[in-house]
Amino acid sequence: MFMASQPGPHTAQSIRAIIAELRGTNMFLGRVSDEEAEGLARLVEEKYGISMGLGAVVDAEDFRPWLRDAKINGKVGDFYWGRYRKLLSLKGLPKSVIDATDEVSDRILDRLGNPENMSPWSRRGMVVGHVQSGKTANYTGLICKAADAGYRLIVVIAGIHNNLRNQTQARIDEGFIGRDTGRLASANRARRQKIIGVGQFDQREFPVSLTNTLRDFNKDTATTNTSQIGQYTVPVVLVIKKNSSTLKNLLEWLKEHSVNERTQMVNQPMLLIDDEADNASINTAYSKDEVTRINGQIRALLSLFHRSCYVGYTATPFANIFIDPETDDETLKQDLFPRHFIIGLDAPSNYFGAQKVFIDERDRFVRLIADNEDVLPMRHKITHELDSLPGSLVEALRAFIVSRAIRNHRGQEASHASMLINASRFTDVQGRIRTKVMDAVGRIREAVAVDGAKGRGALRNGEIAGLHAAWEREYSGLGDADWPAVQSRLHEVLTGLQVVEVNASKRSEALDYSQTGEHGVTVVAIGGFSLSRGLTLEGLTISYFLRNSMMYDTLMQMGRWFGYRTGYEDLCRIWMPADGVGWYAHIHEAMDDLQSQLKQMERVRATPEQFGLAVRSHPETLIVTARNKMGTGEEWPVRVGLAEKLIESTRLRTDPDQLDRNRLAAETLARKIVAGGVTAVQRPRGHLFTSVPVALVREFLAAFRGDPADPLGDPRLLLGYVDARAESELESWDVLFASAQKDKASFAPDKLFSLDMQAFERAVSAADFDLGILAISGTSRRVGSPGDEKEGLSPEEEALAQAEVKREFQGKDPPATTPDRIYRKVRRRPLLIVRFVMPRKLAEGREWSHGNVVAWSISFPPSAVGGGTVEYVVNTIRMREMFGEDEQEEEAKGDPE
């Protein structure tokens, strides 16, 4: 009753505040430990504190809603959605999340074509969510509502691998069809039916599925099933693999049956859902006159129907159709560009995502890998022999066994638990990893079988002592599972533990979570690309990630650890190299920026084309387009948006002469600012000068040189943008000569002209150092520090920033620190930050001998000039120098999954 008194869902902060207040009362004073209070807070949060926003919608100018009238006029039923809503409730989703899913799926349906409209129509839209945040649940709800509205043919294009297609089919079986299509397909002769999921609530009708959990679309099977279609009194659904052969067969079969008056399939309103729309379906050909085969087949499939809708789902908008710089407006009309609507999904408040993992609570969840290079180097060949496992991988495996024991102790025996190992793109090497992991599990299993029941004496066994060390290091502070409780559960954990490969090899095994009983599945899954797209690892607790990719879509999709971890989030751990942590944090900030732009565009009623331009002009898009274009050796123009962006000199040449010239440029800037009579304001972060003329900043940027292959540090890009605004928005600058705080400084003081400055220590990439590059790496990949961009803001601007935080995070717990992108939104003057950096973490046995290095950051304010963009010519040859060869290209030459 007390919890329900607050209007709207409670936040994590409000729940903990209430518990703290209760702990201070006479009834509970001194009787509830911190660990018990936190455990109670988590339980209450699961019940009362989970909320989900409605996201943002950007519509075409010709959007005309139809759903409300159709409901009032009785044209839209509630059979399929009603069943699905009951299933979501049965699965324990909070009512607030189900209600939000209901409203969001209505929003999407309202933007599809009205099935009662018999005139030809074609709709294109996109839904942008978060990795592992429930996109499948969202589009299952959309399918149910589309069926209630009158859609009679629904095609779901799942991933490019069978395991994901099968998994998606199983979810559609459970959430929409209500029967196990695999059981139907394999047991027709026995006339058995297995009712599952939504089928347990209402069995008056079942959709017809032309695919099943055992096999993809097949012409003969589909033809046999047409007898069930009748007059389309029930919907027909297909879940197909994103594969050109499958699409070719489906197109041929539809064309053959389009002349059959009895089926009249192509006259039915059709909904096509493209799951992971950025993968294989976009036009990534080098020439705009060529389209990828799958892209063309999807378009051909849509064109067969007089009334069709395409809805693409993605979590990586940087890599989708928005970013093709050679696609003009006329081509967009024929392609899959979401010209009618774009919807950004909000994740529920209990989402275990990049913000929590890599930014807010990094030390809690992330463990750094630094011991792999001698055993399993980041870059290795297909022939790489694995003599042993990295010690960090053994630690991760032990943590998984212990975490499963703790979950069993918590009463979660029937739930599934998984560990992910993604350490090679080669299936042969994955097989060798699996062999070594099985050997390690075998040794631990034997040790527990022999000595596990010996109480404290069991610790004399080295394997059990290793498990105890993992418990002590990772979980001893949790308070709800002491070591004797964990030890007593080890035998049951190891008895059921499986080690499987999930890849394209003949050794691959399906991840089967359909088993139900007293004990759930406990599995260590080893793979690469097959584990990177859409596949859900149930109960994923421990992840070991040793991959090197700068492709945004690849990295984010490899993040299978994102999702929901109700009841065991505190047990989750991720092992990865420091550089990987830095890239994930960097990518999250870039994608968070795009989600924020989408919400901003909704407020000003922008169109999908305008959002597409925003994505195409985002600075980070340069990386994606460069990788797509790298094989061409071309130069091509793009528009790059720098308004409200942070640009930093993260890549510098190790050439001593060039570094000295950069220092001289910074010295000259400091000297001219001081000589110009601008008074310095001493700030905790350094010396701040306000109202500095743009000419001085321009002179500094023109003289400074970084890595020529880095487009974001190219003076042509920066000066082109600045010059276009030098007499207006960028006429006057704030300049901060940053200095590390003395209590954190590790080096002797240094000077720029008369300004005392302490250097900042920054990790650099050893691999790039061998190529003559100082590339900022580590867990942040930042030259600067969080909060730097608050410098120079007036009190009015600070107030505006706080108001923006309240507006953006309304109904949610705001982040511990204000995101710097919000400071950029309210900033009136640009901010240049100049600092000394001392490189560290070079290759073993090497030291940096050149002293402090000058680096800079620029925080640009909003711009009304030229859409906040500047034209820039990308040189793919220089890009190749920066990024190297595309890993997927290398994969194709060796042992592709």
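As shown above, the structure is provided for reference.
This write-up is about the structure you can find in this document. (Residues numbered from 1 in each chain as written. Predicted model: local features only at pLDDT ≥ 70, side-chain atom pairs only at ≥ 80, totals over all residues. Heavy atoms only, no water.)

**Observations concerning the overall build of the protein chain**
The helix and strand inventory of the protein chain stands at 30 helices and 27 strands. Residue burial in the protein chain is summarised as follows: out of 897 residues, 59% are buried. Long-range pairs, those at least 24 residues apart, make up 80% of the contacts in the protein chain with a sequence separation of at least 6. Surface summary for the protein chain: the accessible area is close to 36,900 Å², and the carbon and sulfur share equals 49%. (Helix = DSSP H or I, 4+ residues; strand = E, 2+ residues; numbered from the N terminus. Buried < 20%, exposed > 50% of the residue type's maximum accessible area, 1.4 Å probe, protein only. Contact = heavy atoms within 4.5 Å. Areas by Shrake-Rupley, 256 points an atom, 1.4 Å probe, with all protein chains shown as cover.)

**Things to note about the sheet that holds strand β12 (residues 522-527)**
Across the sheet, which stays open at both edges, the 6 strands sit in the order β9-β14-β13-β10-β12-β11 with parallel pairing between neighbours. The sheet terminates laterally at β9 (366-368) and β11 (497-502), the two strands that pair on one side only. Adjacent strand axes in the sheet meet at a mean angle of 15°, parallel and antiparallel pairs treated alike. (Pairing = 2+ DSSP bridges. Axes fitted to C-alpha atoms, helices over the stretch in contact; angles between N-to-C directions.)

**As for the nonpolar core**
Within the largest apolar cluster, 84 residues are counted, with the highest numbers of intra-cluster contacts made by Leu112, Phe176, Leu271, Leu272, Ile298, Leu301 and Phe305. Broken down by element, the residue count for this core peaks at 7 residues, all from helix α6 (residues 135-149). What Leu272 contacts, discounting residues up to four positions off in sequence, is Val155, Ile157, Ile298, Leu301, Leu302, Cys309, Tyr310 and Val311. Within the second largest apolar cluster, 54 residues are counted, among which are Ala643, Leu718, Leu755 and Leu832. (Core = buried A, V, L, I, M, F, W, Y, C linked by side-chain atoms within 4.5 Å.)

**Section: the packing of helix α5 (residues 95-110) against α6**
For the pair α5 and α6, the least separation of the axes is 9 Å and the interaxial angle reads 60°. Between α5 and α6, the interaxial angle falls into the category oblique. Remark: the crossing between α5 and α6 carries right-handed chirality. Across the interface between the two elements, Asp102, Val104, Ser105, Asp106, Ile108 and Leu109 of α5 pack against Asn138, Gly141, Leu142, Lys145, Ala146 and Ala149 of α6. Here the contact of α5 with α6 is built from residues that sort into 6 nonpolar, 3 polar and 3 charged. (Parallel < 35°, antiparallel > 145°, perpendicular 65-115°, else oblique. Left-handed = near helix turned anticlockwise from the far one by under 90°. Nonpolar A, V, L, I, M, F, W, Y, C, P; charged D, E, K, R; others polar.)

**Points about unusual backbone geometry**
At Ser691, a position not held by glycine, the phi torsion is positive, near 60°. With respect to the element layout, Ser691 can be found in strand β19 (residues 686-693). When its relative accessible area of 41% is taken as the criterion, Ser691 is described as partly exposed. One non-glycine residue, Phe753, adopts positive backbone phi at about 55°. With respect to the helices, strands and loops of the structure, Phe753 is situated in the loop between β21 (750-752) and β22 (755-757).

**Observations regarding the side chain of Asp202**
Of note, Asp202 is situated in the loop between α8 (181-186) and β4 (208-209). A distance of 2.8 Å separates polar atoms of two side chains, one belonging to Asp202 and the other to Arg204. In this view, Asp202 contacts Phe79 and Arg83; residues no more than four positions away in its chain are not counted. (Polar contact = N/O pair within 3.5 Å; in protein donor to acceptor, adjacent residues only side chain to side chain.)

**Focus: the pairing of β11**
Of all 6 residues in β11, 5 are buried, a share of seventy percent or more. In the sheet, β11 pairs with β12 via 6 bridges, with the strands oriented parallel. Bridging from a neighbouring strand, Gln498 pairs with Val523 of β12.

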